[in-house]
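So the chains spell out like this:
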Amino acid sequence: MDMISYSKRIPLTEEYDVVICGGGPAGIGASIAAAECGAKVALVERFAFLGGMATAGYVNPMSEFSYNGKQVSGGIPWRFATEMVSAGGAIVEEPRCNISFDPEVYKLVARRMAERAGVKLFLNSYLTDAIYDGKTAKAVVIVNKSGMLAVRGKVFVDATGDADLSSFLGVPMLPETGARQPASLCFCLSGVDTSSERMHIIHQKNHRFNHQAMCVRDLLFKLREKGVLVPQFGGPWLATTISEGCITVNLTRTSVDATDYEDLQKAEAGLREDIFRLVGFMKKYIPEFKDCHITSIAQTVGIRESRRVEGIHVLTGEEYVHSVHFEDAVARACHPVDIHLPNGEGQKLTFPEDAGYIPFRSLITKDYPNLLVAGRIISADEEAFAAVRVQVPCMETGQAAGIAAAMCATDQIPVQELDAKFVVAKAKEFGSPL
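Chemist: How should I be thinking about the pattern of salt bridges in this particular structure?
Modeler: Two side chains bearing opposite charge may form a pair once their charged atoms approach each other closely. One pass over the full model with this rule turns up 21 salt bridges. In this structure, Lys154 engages Asp17 in a salt bridge whose closest nitrogen and oxygen atoms are separated by 3.2 Å. With a gap of 137 residues between them, Lys154 in strand S10 (residues 147–158) and Asp17 in strand S1 (residues 12–21) connect regions that are remote in the sequence. Because the salt bridges share partners, they merge into one network encompassing Glu176, Arg180 and Asp257.

Chemist: What's the story with the sheet that holds strand S13 (residues 247–252) in this structure? I'm lost.
Modeler: Read from one edge to the other, the open sheet built from four strands follows the order S12-S13-S11-S14, with strand pairing classed as antiparallel. Strands with a single pairing partner mark the edges of an open sheet, and in this sheet they are strand S12 (233–240) and strand S14 (293–297). Across the sheet, the mean angle from the axis of one strand to that of its neighbour is 30°, orientation sign disregarded. As defined by bridge partners, S12 adjoins S13 across five bridges and the pair is classed as antiparallel. When the sheet's bridge partners are listed, Ala239 is paired in S13 with Thr248. The strands touched by helix H5 (residues 214–225) within the sheet are S12 and S13, with S12 carrying the most contacts at an inclination of about 150°.

Chemist: Sorry, what's going on with the packing of helix H1 (residues 25–36) against helix H9 (residues 391–411) here?
Modeler: Relative placement of two packed helices is described by the angle separating their axes and the distance separating the axes. Direction vectors running N to C along H1 and H9 enclose 35°, while the axes themselves pass 6 Å from each other. The interaxial crossing formed by H1 with H9 has right-handed handedness. Residues Pro25, Ala26, Ile28, Gly29, Ala30, Ala33 and Ala34 of H1 pack against Gln391, Cys394, Met395, Gly398, Gln399, Gly402, Ile403 and Ala406 of H9. Its residues assigned to classes, the contact of H1 with H9 comprises 10 nonpolar, five polar and no charged.

Chemist: Would you explain unusual backbone geometry in this entry?
Modeler: For residues that are not glycine, phi is negative in most cases, and the peptide bond is trans in most cases. The omega angle of the peptide bond from Asn60 to Pro61 is 10°, so this bond is cis rather than trans. On the secondary structure map, Pro61 appears in the loop between strand S2 (41–44) and strand S3 (66–67). Ser63 connects to Glu64 through a cis peptide bond whose omega is -20°. Positionally, Glu64 belongs in the loop between S2 and S3. Of note in the backbone geometry, Gln412 takes a positive phi value of approximately 55° without being a glycine. Residue placement: Gln412 occurs in the loop between H9 and helix H10 (420–430).

Chemist: Just checking my understanding: could you explain the side chain of Asn370 for this structure?
Modeler: Along the polypeptide, Asn370 turns up in the loop between strand S18 (356–359) and strand S19 (371–373). Under the relative-accessibility criterion, Asn370 is labelled buried at 7%. Among the polar contacts made by the side chain of Asn370, one reaches the main-chain carbonyl oxygen of Ala137 at a distance of 2.8 Å. Once you skip the residues sitting within four places of it in the chain, Asn370 turns out to touch Lys135, Thr136, Ala137, Lys154, Val155, Phe156 and Val415.

What counts, and at which threshold
Residues numbered from 1 in each chain as written. Predicted model: local features only at pLDDT ≥ 70, side-chain atom pairs only at ≥ 80, totals over all residues. Heavy atoms only, no water. Salt bridge = Lys/Arg side-chain N within 4 Å of Asp/Glu carboxyl O. Helix = DSSP H or I, 4+ residues; strand = E, 2+ residues; numbered from the N terminus. Pairing = 2+ DSSP bridges. Axes fitted to C-alpha atoms, helices over the stretch in contact; angles between N-to-C directions. Contact = heavy atoms within 4.5 Å. Left-handed = near helix turned anticlockwise from the far one by under 90°. Nonpolar A, V, L, I, M, F, W, Y, C, P; charged D, E, K, R; others polar. Buried < 20%, exposed > 50% of the residue type's maximum accessible area, 1.4 Å probe, protein only. Polar contact = N/O pair within 3.5 Å; in protein donor to acceptor, adjacent residues only side chain to side chain.

Here you go:
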């Protein structure tokens, strides 16, 4: 490919204490936490709304708050969930305390909570580069309808999901030892007979159970046995959007490199074709879906796995499933180790003994003094990652990163010098049962 040098003078914003890149669950938790700790916060998000994979990707439900009969996650994530419930856009599904939600209410509540906390939102703004001195970040470069803009900050949080900011800064990534988990393009169906006994699956209630919609899964396997060309699929997993007859569907899957533009574009086109073909089978052969129709398809492919940052501590699957406690544990997670196989319809599930712990050292790197990471890019091996990549731990690691970022900005210290006990104390003050 031919190369060209490019130089341009662009506006530079006032300096923020904390700049957060990515407005998904991790970025929501980080921005609210940092602002409520007194920091001046900017949040950069490429879509016109917050929520990331939850709203742009229709990843539903918000999983999960409770394990072995007790609530193990809380704080800002729980406050967010209960505010959605109060707004009439979510339900709490005992005993796991998964939160099934209306994606539009999720968007609404996320913006309300961020603005109430005083967060400056840069929406419809795409992260394109970072400005740094050595290993210290100085600003992020974004582009929107007004052109290019550099957002200055003292401390930065990468909550992009694909570690985009960290990549721009040259942060080392964990090596991949196997194929990445496949991506899915989720969608909404209306006109589904959700009153049917077989549709109880849309309420993710049972403990230590994989809530696959077996009526759909069995049909697709039977069609394939008869020689029908059935696209690759997973699950499926169905979730209520609270509205009668309307559900979100996680069914499609394909292998993709989410950091490669051409590969991602090709995958999305193929998955969109697969949706219409798969729904056609459901309408034709399953009575509960005979009157259904596709209301909407997610705005972006749901990415399960891409880059993960190499932090001071790499959380392992062994540590997670055996609930190893760390002195610097700043978040918990109770989702099973959930590995979707890249080829075919397989899935490997391992349930932890108890809720696992996530150490602060997995949110920071060895050499980058003003960078924290949150969400599915934290320092974790493939097995631990497969458990902590879901919404509740993403938002809770975001909360921890936001607290730490605010403290480091105030005290003007590198993130590596912050005593994690202060982050833990503040997270408990927010309501996290650490």
